[in-house]
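Here is how the chains run, residue by residue.
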Amino acid sequence: MAGYTQGSGRPNQWLRNLNAKIASVPMILTAVVIFLGGTIWTVVYSFTNSKLLPRLSFVGFDQYERLWDAPRWLVSVQNLAIYGIFSLIFSLVIGFVLAALMDQKIRFENTFRTIMLYPFALSFIVTGLVWQWLLNPEFGIQSVVRSLGWESFTFDPLYNANIVIYGILIAALWQGTGLVMCLMLAGLRGIDEDIWKAARVDGIPMWKTYIFVVIPMMRGVFITTLVIIASGIVKVYDLVVAQTSGGPGIASEVPAKYVYDYMFQAQNLGQGFAASTMMLITVAIIIVPWAYLEFGGGRKRV
Amino acid sequence: MKIRSFAAMLATAVALPLGAANAADLEVTHWWTSGGEAAAVAELAKAFDATGNHWVDGAIAGSGGTARPIMISRITGGDPMGATQFNHGRQAEELVQAGLMRDLTDVATREKWKDIIKPASLLDSCTIDGKIYCAPVNIHSWQWLWLSNAAFKTAGVEVPKNWDEFVAAAPALEKAGIVPLAVGGQPWQAAGAFDVLMVAIAGKDTFQKVFGDKDEDVAAGPEIAKVFKAADDARRMSKGTNVQDWNQATNMVITGKAGGQIMGDWAQGEFALAGQKAGTDYTCLPGLGVNEIISTGGDAFYFPLLKDEEKSKAQEALASSLLDPKTQVAFNLKKGSLPVRGDVDLAAANDCMKKGLDILAKGNVIQGTDQLLSADSQKQKEDLFSEFFANASITPEDAQKRFADIIANAE
C-alpha cells in the first residue's frame, strides 16, 4: 500500500513491500555492522602487533609469517583437514544409510528417531566429557573389555598422539549423525511415492533406485546438510577442549583453539587475529565457489 | 503514641542498612580452587570480613590459563570486579598502561610496603613508572622436587637426595609399576618443569641470561643443551602419567603411584590436606637437590579502577589486610607458600617451608619466568614443551633450536 503513495505513476521500486523492508532493517544492520564490520576490523588488526589491547601499529605480514612457522598451527591445520574430510564422509554416509533404513516403514520409527537424535540435544562439552570417560583406558571401554577376559586389549585413542584426532572424530560422529539422519529422512519423505512405484514396475533394484534416482532428486537436502556439517567442522573447539584440551602435547590442537589461546592466554591479539583471518579465508574458499554455482551464473537449478 | 513509635521503628529499619553501608561488598576473583588453595583463600576472606566489609568470593575453576582471560575481559569490558588475583609480573602490564587499574601508591607509602616486603623484587614487579599497582600476598617458588617415600620403599631403593640419584632410581620404580615422574597434561606444567631443570643444571647466571637478557646464543649453547638432555630423561620418566591437572599429578605422588613430581611449593598444600608429614611421608628437594635456589614469583592482588567510592575505600582496606602479619601467616601456612614480609613468625611452618625460608634468608633467589617473560613468550614455551614431553620423536637438539628461536623473538 505504502508503495503507491507517489500518485498514479509506476510504483517506486524501492518502496515496494515497504513493510517487509522496514522489518528487515535491524537484521541488515546487524549483518553489516556486526558481521561485516567485525570481520573487517579483525582483518585490519591482524596486520598490527596488538598484544592484550588492540593497537594500530602495523607490522605488515609478520603475524602471518610467525603463524605459518609455528608447529602448533601446522598441526592444527592438519588435524582440521583429517577431521573435516572424515567427518564429512562418515556423517553423510552413516546419516543417509540410517535414514534409508528408517524409511522402510519399520515399527517404532518415532522411538528410533528420538534415540538417534538424542545425542544432538547434548552440548559439545557434555559429549566430549562422556567420550573422554568412555575412551579413558583406566575405566572406559578398554577396562571393560579387559575385565571380560581380553587382557591385552588396547583402545586408548585419546592418549596416543598418532590417533587422537580419530578419538575426537568418534565423539563428533556420535553427536552429529542423528541430525544428518533426520534431514535425510525429511528429504526421503519428500520423494513422491509414484517414483518408487514406477521403479518397481520397471524392475529396478532398490539400491539402484536410491543411488541413481532418489539421491539426485535430494540435491537440495544434501547441499543444506553439507553446509551445516562444514560450518560445524571449521568451528570445532569445545569438543577438543572437553576431551583432550589439545593433548597429548599438541597432537589434537585445532585452529579455533589456537585463535582463542593466543588471543586470550598469550595476550597476543595480532597473532590470534591472523589465525582467525586464515580460518575465514578457508571458509571463503569453500563457500564462494558453491555460492556462485548455486545462486550465480546460469540459474540452471533443477 | 503507638503510631509514632511505629514510625520510629520504620525509620530505624531504613536507617540501619544505610549506616552499615560504609562497609561494602567486594567481589574478589581468583583461581584458587584445589583443596589446599580453597582453605587458604578462606583465611583471606576471614581477615577482610573482620574489617567490616564483605568478601564476595569469585573463584574461577580451571587454573590461571582459564581464569585470566575471564578476568581480563571483565576489566576491559567495563564490568570490573573489586579485586583480582594475577601472578605479579607482566600479566597485567598492559591493563595498567591502559589506565584500567588502580594506583595503590598511597596505601603503600602509608603502610611502608617498601620496608616490609622482602625480597624487594616482589614490589618492583608491582611497580610501573614509579607507581605501585598491586599487593603481593605470597612467594611461590617453582624449584621443588616432591618425592613419595612410600613409592621408593615399594621399589626397594633409597629416597634420592638429588636429581641424578632420582634418574638413576627410575628403572627400579618402573619395574615396581610406578611412574617415576608425574607430569600432568596441562601445558604450563611441562614448561615449568623445564625452567626448574634449567636453574638446577645450568645455574642462576645462565637462567638470568636466557630469560632476563633474552640472549639467544646462550639459549642455543652447550649449557642449555645439557638442560635439554635432562629434560629428555624427564620425558622418558614421565611416560604413563595419564592425568591432566597438576593436583591429580600430585595425588599420584601422595598415593605412591608416582615416584616424584617437579612442581611449585603450592603442591605442599595438597600434601598437608592429605594429612602427610614432610620428612616421613614425603621428601622435598629445593632446586632438585642440586642448586638450592628458588624463584620468587607468586600471587598478587590487583585492583581495577572503580567509580563507586565505598568500594574504592573497601579496596584500600583489602590491600592493607592482605599484608597484615596475621593474615600473612594464616594464609601462607595453609597455602604452603612463603610470606612476603620478612618480619613474621612462622614457627608453625613445616620442614619444607623452613628450607624455603632459609634459602630466602640467604638470598639465593631469582625472578620467576612470569616476571621476566611476556605472556606471549610463555605460551610459545608451553606449546613447545607440552609437545616435547608428549612426543618422543622430537630430539632434544630440535627442541633446543626451537627454544632458541622463541628466546630470540621474546621481548
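Turning our attention to the overall build of chain B. When helices and strands are counted, chain B shows 21 helices and 13 strands. Taking 22 Å as the expected radius of gyration for a compact globule of 411 residues, we find that chain B reaches 23 Å, a close match to that expectation. Each principal axis of the C-alpha distribution contributes one length, and for chain B these read about 90 × 45 × 35 Å. Looking at chain B as a whole, 52% of its 411 residues qualify as buried.

Bringing the overall build of chain A into the picture now. Along the backbone of chain A there are 13 helices and zero strands. Of the regular secondary structure in chain A, the N- to C-terminal order runs α-α-α-α-α-α-α-α-α-α-α-α-α. In terms of overall dimensions, chain A is more spread out than a globule: its C-alpha atoms have a radius of gyration of 25 Å, far above the 19 Å expected for 302 residues. C-alpha atoms of chain A, sized along the principal axes, occupy 90 × 70 × 30 Å.

Residue and element names in this part refer to chain B. A two-sided burial pattern is seen for strand β12 (residues 299-302), the buried positions comprising Asp299 and Phe301 on one face and Ala300 and Tyr302 on the other. As paired strands, strand β3 (residues 83-87) and β12 are joined by four bridges and run antiparallel to one another. From the neighbouring strand, Phe86 faces β12, where its bridge partner is Ala300. The pairing of strand β6 (residues 134-136) with β12 spans three bridges and is classified as antiparallel. The partner of Cys134 across the bridge, within β12, is Tyr302.

Further remarks concern the pairing of strand β9 (residues 258-262) of chain B. Each regular strand shows side chains that alternate between the opposite faces of the sheet. All names here are of chain B. Of all five residues in β9, five are buried, a share of seventy percent or more. The sheet contact formed by strand β7 (residues 144-148) and β9 spans three bridges and is antiparallel. The partner of Leu147 across the bridge, within β9, is Gly260. Here strand β8 (residues 179-181) runs beside β9; their pairing, made up of two bridges, is parallel. Directly across from Val179, in β9, lies its bridge partner Ala258.

Averaged over all residues, the pLDDT of chain B is 87; the fraction at 70 or higher stands at 95%. Note on residues 10-21 of chain B: pLDDT under 50 across the span, and one contact to partners over four residues away in sequence or across chains.

This next bit is on the nonpolar core. If you look at the biggest cluster of nonpolar residues, it comprises 161 residues, and the most contacted ones within it are Ile168(A), Ala135(B), Trp146(B), Leu197(B), Val227(B), Phe301(B) and Tyr302(B). For this core, the leading source of residues is helix α10 (residues 187-202) of chain B, giving eleven residues. Setting aside anything within four residues of it in sequence, one finds Leu197(B) in contact with Val227(B), Ala230(B), Ala231(B) and Ala234(B). Judged by nonpolar contacts, the second largest core, of 13 residues, contains Leu179(A), Val180(A), Met181(A) and Val221(A).

Residue and element names in this part refer to chain B. On the basis of which strands lie adjacent, the open sheet formed by five strands has the order β2-β1-β3-β12-β6 and mixed pairing. The open sheet has two free edges, formed respectively by β2 (54-59) and β6, since each of these has just one partner strand. Within the sheet, the average angular offset between the axes of one strand and its neighbour, ignoring direction, is 30°. Summarising the sheet, strand β1 (residues 25-30) and β2 pair through six bridges and their orientation is parallel. Following the sheet pairing, Glu27 is matched in β2 by Val56. Strand contacts of helix α2 (residues 35-49): β1 and β2, with the helix running at about 155° to β2, the strand carrying the most contacts.

With that settled, the discussion passes to the environment of Gln271(A). All names here are of chain A. Note that Gln271 resides in helix α13 (residues 269-295). In the structure, Gln271 is positioned 207 residues away from Tyr64 in sequence and 7.6 Å away in space, judged by C-alpha atoms. Apart from residues no more than four positions distant in its own chain, Gln271 is found in contact with Gln63, Arg66, Leu67 and Tyr262.

Right, let's talk about the sheet that holds β9(B) for a bit. Residues and elements named next belong to chain B. Sheet architecture is open: four strands sit in the order β8-β9-β7-β10, paired in mixed fashion. Of all strands in the sheet, those with a lone pairing partner are β8 and β10 (282-286), marking the two edges. Shown here is a sheet whose adjacent strand axes are inclined to one another by a mean of 20°, direction ignored. Along the sheet, helix α14 (residues 246-254) contacts β7, β8, β9 and β10; its crossing angle with β9, the most-contacted strand, is approximately 140°.

This brings us to the environment of Val59(A). If you trace the backbone, Val59(A) turns up in the loop between α1 (18-45) and α2 (62-69). Each C-alpha atom, one on Val59(A) and one on Tyr292(A), is 34 Å from the other, the two residues being 233 residues apart in sequence.

Here we come to the environment of Met184(A). All names here are of chain A. Looking at the element boundaries, Met184 is found in helix α7 (residues 164-189). Along the sequence, Met184 and Leu92 sit 92 residues apart, while their C-alpha atoms lie 9.0 Å from each other. Setting aside residues up to four positions removed in sequence, Met184 forms contacts with Gly95, Phe96, Ala99 and Val221.

The next thing to look at is α1(A). All names here are of chain A. Here α1 contains 28 residues, and its C-alpha end-to-end distance of 38 Å stays within 8% of the 40 Å for a straight helix at 1.5 Å per residue. The sharpest bend along α1 measures roughly 40° and falls at Val25, with the proline Pro26 sitting one to four residues further on. Counted residue by residue, α1 has one buried out of 28 residues, so it is predominantly exposed.

Further remarks concern the domain arrangement of chain A. Residue and element names in this part refer to chain A. Here chain A is partitioned into domain 1 (1-45) and domain 2 (65-299). For domain 1 and domain 2, the distance between their C-alpha centroids amounts to 36 Å. Listed per partner, the contact involves four residues of domain 1 and six residues of domain 2.

Let us look at the interface of chain A and chain B. With 20 residues of chain A at the contact, the number on the chain B side is 20 residues. Of the residues that constitute the side of chain A that touches chain B, the class distribution is eleven nonpolar, six polar and three charged.

Turning our eyes to something else, we now look at the domain arrangement of chain B. Residues and elements named next belong to chain B. Examined at the domain level, chain B breaks down into domain 1 (24-140 + 297-360) and domain 2 (144-295 + 373-409). Computed over C-alpha atoms, the centres of domain 1 and domain 2 are 27 Å apart. With 22 residues of domain 1 at the contact, the number on the domain 2 side is 20 residues. Of all the secondary-structure elements, those providing two or more residues to the side of domain 1 that touches domain 2 are α2, α3 (63-76), α17 (325-335) and α18 (351-362). Each residue belonging to the side of domain 1 that touches domain 2 can be placed in one class, and the counts come to four nonpolar, twelve polar and six charged.

Moving on: the confidence of the model for chain A. With 94% of its residues at a pLDDT of 70 or more, chain A has an overall mean of 87. Confidence drops under pLDDT 50 across residues 1-7 of chain A; counting only partners more than four residues distant or on other chains, this segment forms ten contacts.

Here is what the cut-offs are and how they apply
Residues numbered from 1 in each chain as written. Chains lettered and ligands numbered in written order. Predicted model: local features only at pLDDT ≥ 70, side-chain atom pairs only at ≥ 80, totals over all residues. Helix = DSSP H or I, 4+ residues; strand = E, 2+ residues; numbered from the N terminus. Rg over C-alpha atoms; globule rule 2.2 N^0.38 Å. Buried ≥ 20, exposed ≤ 12 C-beta atoms within 10 Å, placed from the backbone. Pairing = 2+ DSSP bridges. pLDDT = per-residue confidence, 0-100. Contact = placed C-beta atoms within 7 Å. Core = buried A, V, L, I, M, F, W, Y, C linked by C-beta atoms within 7 Å. Axes fitted to C-alpha atoms, helices over the stretch in contact; angles between N-to-C directions. Expected span 1.5 Å × (residues − 1). Bend = angle between axes of the 7 residues up to and from the residue. Domains from an automatic or database assignment. Nonpolar A, V, L, I, M, F, W, Y, C, P; charged D, E, K, R; others polar.

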